[in-house]
Amino acid sequence: MPSSVTLDATGNVLTLDHDGATYRFHAVWLRDNALDPDTRAPGNGQRLITIGDIPEGVSLSAAAMDGDSVTVTFQPEGKTVSYPCAWLAQNAYDRDQRSDLGWMDDTVTTWDSSQEAPSFDWADVQQGGASKRDWLAAVARLGFAKLTNGPTTEGALTDVADMFGYVRETNYGRYFEVRTEVNPTNLAYTGLGLQAHTDNPYRDPVPSLQILYCLENSAEGGDSIVVDGFRAAERLRDDNPEGFALLAGYPARFEYKGSDGVCLRSRRPMIELSPDGQLIGIRFNNRSSAPFVDVPFDKMEAYYAAYRQLGDYIDDPEMGVAFKLEPGESFIVDNTRVLHARKGYSGAGSRWLQGCYADKDGLLSTLAVLSDVREAAE
Ligand code: FE2
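About the cut-offs
- Residues numbered from 1 in each chain as written.
- Predicted model: local features only at pLDDT ≥ 70, side-chain atom pairs only at ≥ 80, totals over all residues.
- Heavy atoms only, no water.
- 1 Å grid on protein atoms, 1.4 Å probe; cavity = no way out; pocket = protein on both sides within 12 Å on 5 of 7 lines; lining within 4 Å.
- Points joined across faces, edges and corners; volume = space filled by probe spheres on them.
- Helix = DSSP H or I, 4+ residues; strand = E, 2+ residues; numbered from the N terminus.
- Nonpolar A, V, L, I, M, F, W, Y, C, P; charged D, E, K, R; others polar.
- Core = buried A, V, L, I, M, F, W, Y, C linked by side-chain atoms within 4.5 Å.
- Buried < 20%, exposed > 50% of the residue type's maximum accessible area, 1.4 Å probe, protein only.
- Donors = N, O, S within 2.8 Å, 3.2 Å for Na, K, Ca; no water.
- Expected span 1.5 Å × (residues − 1).
- Arc of directions from axis to C-beta.

Concerning the layout of surface pockets
In this approach, a probe sized like a water molecule rolls over the atoms, and the result shows the empty space that is left.
So, step 1. Roughly 580 Å³ of internal volume is contained in the largest pocket.
So, step 2. For the largest pocket, the lining is made up of 24 residues, of which A140, D334, T336, K360 and L364 are closest to its centre.
So, step 3. Among the elements that make up the lining of the largest pocket, the one with the highest residue count is helix α4 (residues 129–142) (3 residues).
So, step 4. When its residues are assigned to classes, the lining of the largest pocket shows 9 nonpolar, 4 polar and 11 charged.
So, step 5. There is about 430 Å³ of room inside the second largest pocket.
So, step 6. Considered class by class, the residues forming the lining of the second largest pocket number 16 nonpolar, 10 polar and 6 charged.

Overview of the nonpolar core
Within soluble globular proteins, side chains that are nonpolar generally end up buried alongside one another.
So, step 1. Among the nonpolar cores identified, the biggest contains 56 residues, and F144, V226, I271 and Y303 are the most heavily contacted of them.
So, step 2. The leading source of residues in this core is helix α8 (residues 300–315), at 7 residues.
So, step 3. The next biggest cluster of nonpolar side chains, apart from the first, holds 26 residues, and it includes F120, L136, F164 and C356.

Overview of the coordination of the iron ion
So, step 1. On the protein side, the iron ion has H197 (NE2), D199 (OD) and H340 (NE2) as donor atoms, found 2.1 to 2.2 Å from it.
So, step 2. When the donor residues of the iron ion are listed from N- to C-terminus, their spacing reads H-x1-D-x140-H. Highlighted residues: D199 in the loop between β11 (194–197) and β12 (209–217) and H340 in strand β21 (residues 338–342), separated in sequence by 141 residues. For the pair D199 and H340, one class covers both residues: buried.

As for α8
So, step 1. Over its 16 residues, α8 runs 22 Å from end to end, which matches the ideal 22 Å to within 8%, given 1.5 Å per residue.
So, step 2. Those residues of α8 lying buried are M300, Y303, A306, Y307, L310, G311, Y313 and I314. The buried residues of α8 occupy an angular sector of 160° when projected down its axis, which confines them to one face. Of the exposed residues in α8, the ones pointing more than 90 degrees away from its buried face are E301 and R308.

Structure representation (structure tokens):
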């Protein structure tokens, strides 16, 4: 069916019928998103106008189909601009918008212990192309992925970050050692088991990716466990919506001052939602939780009950995916979603991991570029 376009009597709303769907657009939105070279720089695609450059009371005086495009004229500028129908359909906002508390994007798949750890080969992903894309796509969709057959050289973990972005340097250094220390500055540097947690919740912004890389692992125990925090939050939302709303609705507090010259603090919720309710982050870490002082007195007990319930889901053996890293193996976690834990270790042998942080924006950027290349090739 051919596309068609109409204007309302005021010239403020354009209606497009395209591919069996109907979309409305406001004049001000169309003007702001004009694709002409005076509005968008042809080279880098960046917008050349500000909101103040759009005349107040902007309206449409004409709209017509022109092949697969819609051509409109804006007043009072008298400016004529075309938009491909496919572009308008792709960017349509006149649709059912989600607003239920804790909704997740279609690109996210939550999981439990039945999930097999996605595993990729170092040499394959180093080559780029489809293997690299699939590796990054697994991190984007599931929030974690293993990498195997890497070198057993110190600092190799920074090469992992370099494959898609940049290391985030912190007070722990460009990367840090995770092995038993005398007088540790952090309980991670002991043989103790660690409850599943997200790292550095006391930092704002939190590092959104962590890479843990194994150099030695002959000790008894020391398995790594990952837990999908989004699945845990989903369970809490379904079983105790009021508790979910409390953990999302009030900031927790986190703090770290375990070494000289460092005092990191944040005030963020354990379950973070976007303004329209999308689940966007989990912060959960018993070691660095500070006193919660932002929850009203009459809600504190319910808040703690919800915190306990979320912890129960996180500790539930049905939730965790466990694996023991071999030397040269590593994994990435989305530190805004997937919690990691460690079983205690002791006795003969050694366990030596190195860890570093990186950020998801670089990973998602590289993934988008690799995905665009694939789409262009198809
Ligand atoms: Fe950790």
